[in-house]
Amino acid sequence: MLSALDPAHRRIAQGFLVLGAVCAIAVTGYMLMGWSLSDAVYMVTITIFGVGYGEVRPVVGEVRWLTVGVIFVGCSSLIYILGGFFQLIAEGELNRLLGSRKMKKTIEELSDHVIVCGLGRIGRVLRAELEAANETVVFVDVDPDRVNLAIEQGAYALVGNATSDDLLLQAGVQRARTLATVLRDDALNVFITLTARNLNRDLRIIARAEDPASDSKMIQAGADKVVLPSALSGERAAQMIMRPAMVDFFQDQDLSGLEHELRVLGLEIEQFEVDGQSSLIGRTVGALESSGDGGFVVIAIRRAGGEVIRNPQKHFTFAEEDSVLFMGH
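Residues numbered from 1 in each chain as written. Predicted model: local features only at pLDDT ≥ 70, side-chain atom pairs only at ≥ 80, totals over all residues. Heavy atoms only, no water.

Concerning the sheet that holds strand 1 (residues 114-117)
Inference 1: Strand order in the open sheet formed by 6 strands is 3-2-1-4-5-6, and the pairing between neighbours is parallel. Edge strands, defined here as strands with exactly one partner in the open sheet, are strand 3 (156-159) and strand 6 (225-227). The sheet shows a mean angle of 15° between the axes of neighbouring strands, taken without regard to direction.
Inference 2: Examined bridge by bridge, strand 2 (residues 137-141) and strand 3 share 4 bridges and lie parallel to one another. Across the sheet, the residue bridging to Val-138 is Tyr-156, located in strand 3. (Pairing = 2+ DSSP bridges. Helix = DSSP H or I, 4+ residues; strand = E, 2+ residues; numbered from the N terminus. Axes fitted to C-alpha atoms, helices over the stretch in contact; angles between N-to-C directions.)

Here you go:
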């Protein structure tokens with residue numbers, strides 16, 4: 001069992017085993033020499049820990065030699081245990097120091113990576129998504145606990161204020177592809193955006209804003225995109241209320257962002273239900289699209305049982321209670 005422990009823990013465990021054995025043998029020895037259990041335990045305690053109290057009985061003859069043995073072996077085991085504790089502390093600090101240097105050295109060699117400033121609620125979501133996509137990411141946060149947890153889980157992370165030029169340079173801002181600042185404080189996000197833009201003119205910067213009024217300030221500071229979590233959450237909830245089928249079709253995507261991009265191209269996404277009186281029942285997707293002279297295209301259909309069919313074939317036939325999603329001018 002002890003062989004499975006690291007050297008420091010094994011040393012501590014061995015010390016306690018020896019100390020326990022010494023105490024048990026010493027108490028037994030004193031009792032064999034006529035001492036009571038309480039006197040024997042008291043004598044062993046004050047002998048090993050050297051508190052300096054007087055003996056409960058005269059220490060002469062064999063008792064003296066037993067006491068000498070208890071002092072020598074007991075105190076040695078205590079010193080051995082303390083040495084294990086000091087070794088444990090020193091190794092922990094050394095490993096932490098070496099690990100930090102190794103990580104900084106690795107970060108210095110990164111390029112075309114992503115920097116995320118903030119490991120709060122939004123930062124943790126970002127981390128999960130980016131790591132799932134196998135992106136190389138360096139995280140920056142002022143909270144040592146958050147940073148240490150991320151490092152323990154295998155991430156690259158630095159402790160410090162992301163408004164500092166030095167810290168962003170340590171994170172490789174001059175070689176990074178993208179920086180996302182997702183702190184809860186809009187003022188800090190503006191400052192980080194400004195600092196990062198000054199350090200790397202080609203960097204793509206995505207900034208979080210809690211107040212919609214901060215949007216323009218983020219852009220002026222150099223952000224390429226501004227994300228408003230509260231607005232996105234509200235739009236998402238509205239979509240769930242007004243167009244639940246569309247949300248089901250695009251459950252893993254930001255529908256509001258997709259619609260915005262399509263509007264730039266002059267396109268819209270709409271959805272309708274095929275009721276029992278609809279003339280579409282029995283018609284094919286190809287026939288419907290032909291009737292619109294290429295003005296729209298059916299991109300998905302949800303059947304009454306919940307099955308979602310994306311990019312349906314031209315010969316696909318509509319049925320009652322189908323939810324049809326189409327895109328067009």
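Considering a negative patch on the surface
Inference 1: On the surface, a cluster of negative charge is contributed by Glu-273, Asp-275, Glu-320 and Glu-321.
Inference 2: By secondary structure assignment, the location of Asp-275 is in the loop between strand 7 (268-273) and helix 12 (285-291).
Inference 3: A relative accessible area of 45% places Asp-275 in the partly exposed class. (Patch = residues over 30% accessible without salt bridge, like charges linked within 9 Å, V, L, I, M, F, W, Y side chains within 5 Å. Areas by Shrake-Rupley, 256 points an atom, 1.4 Å probe, with all protein chains shown as cover. Salt bridge = Lys/Arg side-chain N within 4 Å of Asp/Glu carboxyl O. Lys, Arg positive; Asp, Glu negative; His and termini not counted. Charge placed at Lys NZ, Arg CZ, Asp CG, Glu CD. Buried < 20%, exposed > 50% of the residue type's maximum accessible area, 1.4 Å probe, protein only.)

Section: the confidence of the model for the protein chain
Inference 1: Chain-level pLDDT for the protein chain is 78 on average; 77% of the residues reach the 70-or-more range.
Inference 2: Overall, residues 252-256 carries pLDDT values under 50, and its contacts beyond four positions in sequence, including any with other chains, amount to 11 contacts. (pLDDT = per-residue confidence, 0-100. Contact = heavy atoms within 4.5 Å.)

A few points about unusual backbone geometry
Inference 1: Although it is not a glycine, Asp-112 adopts a positive phi angle of roughly 60°.
Inference 2: Note that Asp-112 resides in the loop between helix 3 (62-108) and strand 1.
Inference 3: The class of Asp-112 is partly exposed, set by a relative accessible area of 49%.
Inference 4: Here Asn-134, not a glycine, exhibits a phi torsion of approximately 60°, which is positive.
Inference 5: The residue Asn-134 is located in the loop between helix 4 (121-132) and strand 2 in this model.

A short note on the pattern of salt bridges
Inference 1: The final tally for this structure, using the stated rule, is 8 salt bridges.
Inference 2: Put simply, Arg-177 and Asp-112 hold a salt bridge, and the shortest N to O gap is 3.8 Å. Of this pair, Arg-177 sits in the loop between helix 6 (165-170) and strand 4 (178-181) while Asp-112 sits in the loop between helix 3 and strand 1, and the two are 65 residues apart along the sequence.
Inference 3: Here Arg-177 ties to Glu-135 by a salt bridge, and the two come within 3.0 Å at their closest N and O atoms. With Arg-177 in the loop between helix 6 and strand 4 and Glu-135 in the loop between helix 4 and strand 2, this residue pair connects regions lying 42 residues apart in the sequence.
Inference 4: A relative accessible area of 32% places Arg-177 in the partly exposed class.
Inference 5: When its relative accessible area of 31% is taken as the criterion, Glu-135 is described as partly exposed.
Inference 6: Counted as one network, the salt bridges with shared partners bring together Asp-112, Glu-135 and Arg-177.

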